[in-house]
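Examination of the molecular architecture
The residues making up each chain are set out below.
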Amino acid sequence: MTHAQQAADSSRSKALYGGTQQRRITVRDLAAAKERGEKWPMLTAYDAMTASVFDEAGIPVLLVGDSAGNCHLGYDTTVPVTMDQMAMLSAAVVRGTRRALVVADLPFGSYQEGPVQALRNATRLVKEAGVGAVKLEGGERSLPQTELLVRSGIPVMAHLGLTPQSVNALGGYYVQGRGEEAAHRLLHDAKAAQDAGAFAVVLEMVPAELAAEVTRSLHIPTVGIGAGAECDAQVLVWTDMAGLTPGRVPRFVKQYARLREALGEAAREFAQDVVGGAFPAEEHSFH
């Protein structure tokens with residue numbers, strides 16, 4: 001085997017998706033992937049069973065998002081989600097995985113007071129739930145929190161563009177960063193987050209050209225959601241991705257299954273069997 005072939009095999013073994021390493025993915029692995037020019041997927045997860053499916057599928061990073069408020073807890077926005085809920089969901093995802101890096105959202109109201117509050121709540125997610133990193137929204141306003149968390153040994157993923165926790169201030173879910181001034185501000189915030197020690201930056205609902213510029217300008221990975229194809233990684237809410245979300249989904253979502261349809265059909269078949277006396281059958285009974 002030539003040196004070039006050995007190097008290629010080594011690179012493939014280290015790949016975030018499709019690699020052969022079985023240990024936990026770390027933020028250093030994400031930095032190395034950026035250097036290699038490797039793209040990688042991220043999905044949300046909120047429970048042990050679903051997380052285990054994604055982990056077995058090789059998804060290298062799982063986000064325990066406060067999007068659980070919308071797709072699992074029945075809220076209209078992410079704002080009502082509490083620290084107790086995030087700690088419980090995050091611990092479940094960690095227990096359901098072996099390889100994925102688990103990142104947990106700091107929910108609204110858990111870090112806005114300042115760095116000390118952020119450290120207290122992030123420490124709780126690391127110690128009680130066992131997550132490998134936390135995510136917080138906002139650019140310049142969240143830099144002191146990011147700096148203290150990183151100095152304290154807690155990896156931080158930043159979140160820019162559309163920040164769902166600020167939906168009331170934004171007036172809805174709209175593309176962010178349009179126009180020269182807004183684009184300049186977002187690029188500035190991304191660089192500032194990097195300088196504060198963030199290991200990655202989520203770019204949500206940002207013009208593709210701006211996201212590409214941010215990606216080229218940073219040495220840390222960008223994670224796109226509605227931010228075009230040039231980001232280093234892509235993330236989707238898993239219920240959107242799998243077709244479980246009812247009604248209309250955002251434009252940036254691609255549905256890879258029709259899980260809502262499949263579950264509904266299974267429930268109807270079960271109900272018909274019970275009503276008609278076909279379930280339980282002899283093979284489902286004890287004597």
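These notes cover the structure that comes with them. Given the structure is predicted, the values throughout are model-derived calculations rather than measurements.

Some words on the overall build of the protein
Looking only at helices and strands, one finds twelve helices and eight strands in the protein. Since a compact globule built from 287 residues should have a radius of gyration of about 19 Å, the 21 Å found for the protein is in line with a globular shape. Taking all contacts inside the protein whose residues are at least 6 apart in sequence as the whole, residues at least 24 apart take part in 57%. As presented, the protein carries roughly 14800 Å² of accessible surface, and 55% of it is formed by carbon and sulfur atoms.

Considering the side chain of Gln194
The residue Gln194 is located in helix 9 (residues 180-196) in this model. For Gln194, a relative accessible area of 12% puts it in the buried group. Within the local environment of Gln194, its side chain forms a polar contact with the backbone nitrogen of His219, the two atoms lying 2.7 Å apart. Not counting residues within four places of it along the chain, the set of residues in contact with Gln194 comprises Leu218, His219 and Ile220.

Side note on the packing of aromatic side chains
Applying the stated rule across the entire model yields two aromatic pairs. Consider the rings of Phe54 and Trp238, whose centres lie 5.9 Å apart with planes at 65 degrees: the pair is edge-to-face. With Phe54 in helix 3 (residues 48-56) and Trp238 in helix 11 (residues 238-241), this residue pair connects regions lying 184 residues apart in the sequence. For the pair shown, Phe54 and Trp238 are each scored as buried. Judged by centre distance (6.0 Å) and plane angle (65 degrees), the rings of Phe270 and Phe279 are edge-to-face. Judged by relative accessible area, Phe279 falls into the partly exposed class, the value being 35%.

Digging into helix 9
Between its first and last C-alpha atoms helix 9 spans 24 Å; for 17 residues at 1.5 Å apiece the expected length is 24 Å, and the two agree. Every buried residue belonging to helix 9 is among Ala182, Ala183, Leu186, Leu187, Asp189, Ala190, Ala192, Ala193, Gln194 and Ala196, and all of these are buried. Those residues of helix 9 that are buried lie in contact with helix 7 (143-151), strand 5 (156-161), strand 6 (200-204) and helix 10 (208-217). Of the residues flanking the end of helix 9, it is Gly197, one or two places downstream, whose phi is positive at about 115 degrees.

Things to note about empty space enclosed by the protein
Gaps left between atoms are located by rolling a probe of water-molecule size over the structure's atoms. Applying the stated criterion to the full structure yields one cavity of 30 Å³ or more. Taken as a whole, the largest cavity spans an internal volume of roughly 50 Å³. Taken together, Lys14, Ala15, Leu16, Gln21, Arg23, Ile25, Asp29 and Arg99 make up the full set of residues lining the largest cavity. For the lining of the largest cavity, the class distribution of residues is three nonpolar, one polar and four charged.

Some details on the packing of helix 5 (residues 83-95) against helix 6 (residues 115-129)
The axes of two packed helices give the description: the angle between them and the distance between them. In contact at an axis separation of 9 Å, helix 5 and helix 6 are set at 35 degrees when each is read in the N-to-C sense. The way helix 5 lies across helix 6 gives a crossing that is right-handed. Between helix 5 and helix 6, the residues in contact are Met83, Asp84, Met86, Ala87, Ser90, Ala91 and Val94 and Asn121, Arg124, Leu125, Glu128 and Ala129, respectively. For the contact of helix 5 with helix 6, a count of residues per class yields seven nonpolar, two polar and three charged.

Notes on the sheet that holds strand 4 (residues 133-137)
Pairing is parallel around the closed barrel formed by eight strands, whose spatial order is 1-2-3-4-5-6-7-8. Across the sheet, the axes of successive neighbouring strands diverge by a mean angle of 25 degrees, strand direction being ignored. Sheet contacts for helix 9: strand 5 and strand 6; angle to strand 5, the most-contacted strand, approximately 175 degrees.

Quick look at helix 2 (residues 27-36)
Listed in full, the buried residues belonging to helix 2 are Asp29, Leu30, Ala33 and Lys34. The buried residues of helix 2 occupy one face: seen down the axis, they fall within an arc of 145 degrees. Those residues of helix 2 that are exposed and aimed more than 90 degrees away from the buried face are Arg28 and Glu35. If you follow the buried residues of helix 2, they end up packed against strand 1 (40-44), strand 2 (61-64), strand 3 (101-105) and helix 10. Directly after helix 2, the chain includes Gly37, whose backbone phi takes a positive value near 75 degrees.

Some details on unusual backbone geometry
Note the cis peptide between Phe279 and Pro280, where omega equals 0 degrees. Following the sequence through the fold, Pro280 ends up in the segment after helix 12 (259-276).

Thresholds, definitions, all that
- Residues numbered from 1 in each chain as written.
- Predicted model: local features only at pLDDT ≥ 70, side-chain atom pairs only at ≥ 80, totals over all residues.
- Heavy atoms only, no water.
- Helix = DSSP H or I, 4+ residues; strand = E, 2+ residues; numbered from the N terminus.
- Rg over C-alpha atoms; globule rule 2.2 N^0.38 Å.
- Contact = heavy atoms within 4.5 Å.
- Areas by Shrake-Rupley, 256 points an atom, 1.4 Å probe, with all protein chains shown as cover.
- Buried < 20%, exposed > 50% of the residue type's maximum accessible area, 1.4 Å probe, protein only.
- Polar contact = N/O pair within 3.5 Å; in protein donor to acceptor, adjacent residues only side chain to side chain.
- Phe/Tyr/Trp six-rings, centres within 6.5 Å; stacked < 30°, edge-to-face > 60°.
- Expected span 1.5 Å × (residues − 1).
- 1 Å grid on protein atoms, 1.4 Å probe; cavity = no way out; pocket = protein on both sides within 12 Å on 5 of 7 lines; lining within 4 Å.
- Points joined across faces, edges and corners; volume = space filled by probe spheres on them.
- Nonpolar A, V, L, I, M, F, W, Y, C, P; charged D, E, K, R; others polar.
- Axes fitted to C-alpha atoms, helices over the stretch in contact; angles between N-to-C directions.
- Left-handed = near helix turned anticlockwise from the far one by under 90°.
- Pairing = 2+ DSSP bridges.
- Arc of directions from axis to C-beta.

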